[in-house]
There are 2 protein chains.
Amino acid sequence: MGEDRGVTQKSKDFSKWYTDVILRCELADYGPVKGTMVIRPYGYAVWENIQKIADKMFKETGHVNAYFPMFIPESFMKKEAEHVEGFAPECAVVTHGGGKELEEPLYVRPTSETIIWAMYKKWIKSYRDLPILINQWANVVRWEMRTRLFLRTTEFLWQEGHTAHATYEEAEEEARRMIEIYRKLLEDYLAIPVIVGKKTEAEKFAGAVHTYTVEAMMGDRKALQAGTSHNLGQNFAKAFDVKFLNRENELEYVYATSWGVSTRLIGAVIMVHGDDKGLVLPPEVAPYQVVIVPIWKSEDEKIKINEYVRNISEKLNAAGIRFYYDDREQETPGWKFNEWEMRGVPLRLEIGPREVASNSVMFARRDVPGKETGSVENVVGLVKEKLTVIQQNLFKKALKFREENTYRVSSYDELNEAMERGGFAIGYWAGTLEDERKIQEETKATIRCIPFEQEGEGKCILTGKKTSTLVVFAKSY
Amino acid sequence: MGEDRGVTQKSKDFSKWYTDVILRCELADYGPVKGTMVIRPYGYAVWENIQKIADKMFKETGHVNAYFPMFIPESFMKKEAEHVEGFAPECAVVTHGGGKELEEPLYVRPTSETIIWAMYKKWIKSYRDLPILINQWANVVRWEMRTRLFLRTTEFLWQEGHTAHATYEEAEEEARRMIEIYRKLLEDYLAIPVIVGKKTEAEKFAGAVHTYTVEAMMGDRKALQAGTSHNLGQNFAKAFDVKFLNRENELEYVYATSWGVSTRLIGAVIMVHGDDKGLVLPPEVAPYQVVIVPIWKSEDEKIKINEYVRNISEKLNAAGIRFYYDDREQETPGWKFNEWEMRGVPLRLEIGPREVASNSVMFARRDVPGKETGSVENVVGLVKEKLTVIQQNLFKKALKFREENTYRVSSYDELNEAMERGGFAIGYWAGTLEDERKIQEETKATIRCIPFEQEGEGKCILTGKKTSTLVVFAKSY
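Peer 1: Outline a negative patch on the surface, supporting the account with residue identities and numerical values.
Peer 2: All names here are of chain A. A contiguous patch of negative charge on the surface is contributed by Asp413, Glu414, Glu417 and Glu420. Relative to the assigned elements, Glu414 resides in helix H13 (residues 412-421). We classify Glu414 as partly exposed; its relative accessible area is 32%.

Structure below.
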């Protein structure tokens, strides 16, 4: 692959490699305003696939979509004390509209709890109006100082679920149901293994009672918070005075959850699966699961191969497989191999005169070296089988990488060592909020979560106190 | 139907009827900031169906989706002279971000030509990079003084296509292809007949060479511009200095189109098909195409009916029909009939002990009075057949209404009369831009378009000049 077309080596400079992959694969580009991003068609197609999968899971669990305005009156933002402290400093503010200065400045939503709960106040009177299970696909704005494509940009796309319930238990159940859906989205579709757990007090969402999270290890061994789900208790209902008449005919504040994943997931896919050649896409979300490259020398061969591929295309189409037939004449097969490898297409089919003569197809998987031949009769079966194997293999590789870079630590020294090496560190924890901040200052790592999966008892790595709480430490994005 | 649950009579106060339908059917609600709208789940489900249909047609014609930032630097807005004049006065402006005043104010996109062409400048070098056929699903903001739910709100949802081409002819072809797709969307799916044509100079998009439009007649006989497609010529390429090396190896400015439809289409559906009972939804976009209402008196009947409906549900599910089984016990069948009629569900299935005993189903269509019985064996076939008939009947009714309210006019007096009666007036036109403005002032009507379908020659209704240009006049939203 020519210098001008390839990407920086991943092992050499992970950060530059990441940006190279995004720009060269045309997943995204920098927008004109500092910190903004344009999601280009190839990147947006990945997002559309993620949306389809997530939206289906949301609807299967009883959720419906809606759309709320993005302008939030300043006064709304100030109603929930922790929330305003967490979000107001990073908001974009509209002060003028229609050529006039506005009476009240409007915040562009950094998240929509406040405006949604202002509406829920109008809609909720009694337990019969509950639960409300609404999701919204939208853009949000957070004025970030240090930005990175897909991971942290001033504006990004996401979904935000906002539900209202009659009891604390039901809200808690919902918050946990949604973090489980995120686990499924990440592991079964993006092939990214995650640790599912609860955030500590220091790391939870501004305004939440509990925050649940899915944490993934990136290719540079840093953690990425890939999705969160919050049990908001009655905090927003109290801030917006949303009461309902319960079954006992008493007025009670409503219970809430919120949960979201964003275009950041595309960054996770790049960082978890990518390699020195560029992008590696899991078949479940790849815009093209298959690329077909013809190899001909004569016009006669070309005609025969086109005819042969037409037959294959019809079968793949009928089977709902996303593929692209790259029959461009100005590029060589070798160039196309490199191009589509860089772009991460999971499976390549090569069709030359030999394949036509022997009624076969040559397969090249993106995730492993080498080629394999197969019968054209069974092309759909073989493609499906290989895509399944690739999907599973990507998950296994990512899990192996995480396991190889996860350390059990039993002292602060061991934590320090682990954090210097990079990776996840698992240890017992019974420290205070202050202890947590100290660790962050000294190690640059944070407690990513308290995993749902716990085991026995041990001593806190910092205080030595006996505890049953295991946590995961890591440097993170 | 009780006073408290029904809607104002359509014939009595069309405007109040329209708002009643939206609020009572929970299609949308007013947002907290003046002029904003919340699209509630029932309304958003209609939008999702419209999105699916349009997105499929866009993709079938080679378009791809992408996402561009919504903040546009003030300086970009000012690059295309007509464009800034048309849009700047109605923009919302962000002046602060991250707690600081910005060096350059940012406009929240009222439409995205400027930011997209700033990016196209980076991406387009040669004819090999063309065409670019990008569409974006997004929110946009236009600071409107007089707002109305779905039709004109400060923020709304839409799609905007922005394409780049190597020749004028190709751009013209694209602009016309897309207005034809909008015609198809409106007529074949929303059951709304439209007049397809070209806008006059006075009415075209700020920055366009030609604007094509689909114009529909609403239930109050006013016109609604339901979608537009613009041939932008080289105007934006010149403003953003976007040149490409053509096949003759010469630098040339790129040719552009843009085209869009918005959540305004939901307003059109309400106003075209609705009646005194409320909403009437075309089956193609109805969230529920069918509602099933059980009618029982005893527990025994209930069990049998539930079993009977389970069988029907499985068949409808397998056939991909969107339905809802309203088995709520706290409401009567009569209440449910009224409720779902108000909500515009195209077809109701009633299942009582008589239906169970005779292996039949009772059908009630929303668009015509009366009931019909049919065999449960063939329930899917009957439902499909009836939905097709309803879809066609809604279109026919709307077309008949438009024809009954369209007048041929041959003098200014006749135009005045027609505009007083309300409806569309068709007449020959050879007036100037000034004449057009005069007519607007005096009659409150505008030239909606110069229809693609023309015929012979005649005399201009104002100037008496001979011309071959027929136009459509109407008061409009």
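Peer 1: Can you lay out the packing of helix H9 (residues 299-318) of chain A against helix H12 (residues 379-404) of chain A for me, pointing to particular residues and giving the numbers?
Peer 2: All names here are of chain A. The contact between H9 and H12 brings their axes to 9 Å, and the two run at 55°. Between H9 and H12, the angle falls in the class oblique. Read as a crossing pair, H9 and H12 show a hand that is right-handed. From H9, Ile312, Lys315 and Leu316 reach across to H12, where they touch Val379, Val380 and Val383. Its residues assigned to classes, the contact of H9 with H12 shows five nonpolar, no polar and one charged.

Peer 1: An account of the sheet that holds strand S3 (residues 64-65) of chain B is requested, with residue identities and associated values reported.
Peer 2: Residue and element names in this part refer to chain B. Taken in spatial order, the 11 strands line up as S3-S7-S8-S14-S11-S10-S9-S22-S25-S21-S20 in an open sheet, and their pairing is mixed. Two strands lie at the open edges of the sheet, namely S3 and strand S20 (406-408), each paired on one side alone. Direction of pairing for strand S21 (residues 424-428) relative to strand S25 (residues 470-474): antiparallel, over a ladder of four bridges. Residue Gly427 lies in a different strand from S25, and its bridge partner there is Val471. In the packing of helix H5 (residues 113-123) onto the sheet, the strands contacted are strand S7 (132-141), strand S8 (155-165), strand S11 (223-233) and strand S14 (255-262), and the crossing angle to S8 comes to about 30°. Helix H13 (residues 412-421) contacts S20, S21 and S25 of the sheet and is inclined by roughly 165° relative to S21.

Peer 1: I'd like a description of helix H2 (residues 41-60) of chain B, backed by residues and values.
Peer 2: Residues and elements named next belong to chain B. Here H2 is 20 residues long and its end C-alpha atoms lie 28 Å apart, about the 28 Å a rise of 1.5 Å per residue gives. Along H2, 15 of the 20 residues are buried, which leaves the element largely enclosed by surrounding structure. Gly62 occupies a position one or two residues after H2 and carries a positive phi of about 85°.

Peer 1: Describe helix H6 (residues 168-189) of chain A, naming the residues involved and giving the relevant values.
Peer 2: All names here are of chain A. Between its first and last C-alpha atoms H6 spans 31 Å; for 22 residues at 1.5 Å apiece the expected length is 32 Å, and the two agree. For H6, the set of buried residues is Ala171, Glu172, Glu174, Ala175, Met178, Ile179, Ile181, Tyr182, Leu185, Leu186 and Glu187. Note on H6: the residue one or two positions beyond its end, Ala191, has a positive phi of about 60°.

Peer 1: Tell me what's going on with the pattern of salt bridges, and back it up with residues and numbers.
Peer 2: Residue and element names in this part refer to chain A. In this structure the tally under the stated criterion is 72 salt bridges over all chains. As a salt-bridge pair, Glu404 and Lys400 come within 3.1 Å of each other at their nearest N and O atoms. Residue Glu404 and its partner Lys400 are located together in helix H12, separated by four residues, close to a single helical turn. A single network of salt bridges, built from pairs that share partners, joins Lys277, Glu341, Arg348, Glu350 and Lys371.

Peer 1: Help me get a handle on the packing of aromatic side chains, residues and values and all.
Peer 2: Taken as a whole, this structure holds 34 aromatic pairs over all chains when the rule is applied. Ring centres of Tyr120(A) and Trp123(A) lie 5.9 Å apart, and the angle between their planes is 45°; on these two criteria the pair is classed as tilted. Of this pair, Tyr120(A) and Trp123(A) are both found in helix H5 (residues 113-123), three residues apart, which corresponds to roughly one turn of the helix. In this pair, the class of Tyr120(A) matches that of Trp123(A), namely buried. Relative to Trp123(B), the ring of Phe68(B) has its centre 6.0 Å away and its plane inclined at 40°; by these criteria the two rings are tilted.

Peer 1: An account of the side chain of Asn246(A) is needed here, citing residue identities and associated values.
Peer 2: By the element assignment, Asn246(A) lies in the loop between strand S12 (243-245) and strand S13 (251-253). Once residues within four sequence positions are removed from consideration, Asn246(A) is found in contact with Tyr127(A) and Glu252(A).

Peer 1: Please provide a residue-by-residue account of the sheet that holds strand S4 (residues 71-73) of chain B, values included.
Peer 2: In space, the six strands of this open sheet follow the order S4(A)-S6(A)-S5(A)-S5(B)-S6(B)-S4(B), with antiparallel pairing throughout. The sheet is open, and its two borders are formed by strand S4 (71-73) of chain A together with S4 of chain B, each paired with just one other strand. Strand-to-strand twist in this sheet, taken as the mean axis angle between neighbours without regard to direction, amounts to 45°. Sheet topology note: the S4(A)/strand S6 (residues 100-108) of chain A ladder contains three bridges and is antiparallel. Paired with Ile72(A) across the bridge in S6(A) is Tyr107(A).

Each value, and the rule that gives it
- Residues numbered from 1 in each chain as written.
- Chains lettered and ligands numbered in written order.
- Predicted model: local features only at pLDDT ≥ 70, side-chain atom pairs only at ≥ 80, totals over all residues.
- Heavy atoms only, no water.
- Patch = residues over 30% accessible without salt bridge, like charges linked within 9 Å, V, L, I, M, F, W, Y side chains within 5 Å.
- Areas by Shrake-Rupley, 256 points an atom, 1.4 Å probe, with all protein chains shown as cover.
- Salt bridge = Lys/Arg side-chain N within 4 Å of Asp/Glu carboxyl O.
- Lys, Arg positive; Asp, Glu negative; His and termini not counted.
- Charge placed at Lys NZ, Arg CZ, Asp CG, Glu CD.
- Helix = DSSP H or I, 4+ residues; strand = E, 2+ residues; numbered from the N terminus.
- Buried < 20%, exposed > 50% of the residue type's maximum accessible area, 1.4 Å probe, protein only.
- Axes fitted to C-alpha atoms, helices over the stretch in contact; angles between N-to-C directions.
- Parallel < 35°, antiparallel > 145°, perpendicular 65-115°, else oblique.
- Left-handed = near helix turned anticlockwise from the far one by under 90°.
- Contact = heavy atoms within 4.5 Å.
- Nonpolar A, V, L, I, M, F, W, Y, C, P; charged D, E, K, R; others polar.
- Pairing = 2+ DSSP bridges.
- Expected span 1.5 Å × (residues − 1).
- Phe/Tyr/Trp six-rings, centres within 6.5 Å; stacked < 30°, edge-to-face > 60°.

Note that all results are geometric; they support no functional claim without further evidence.
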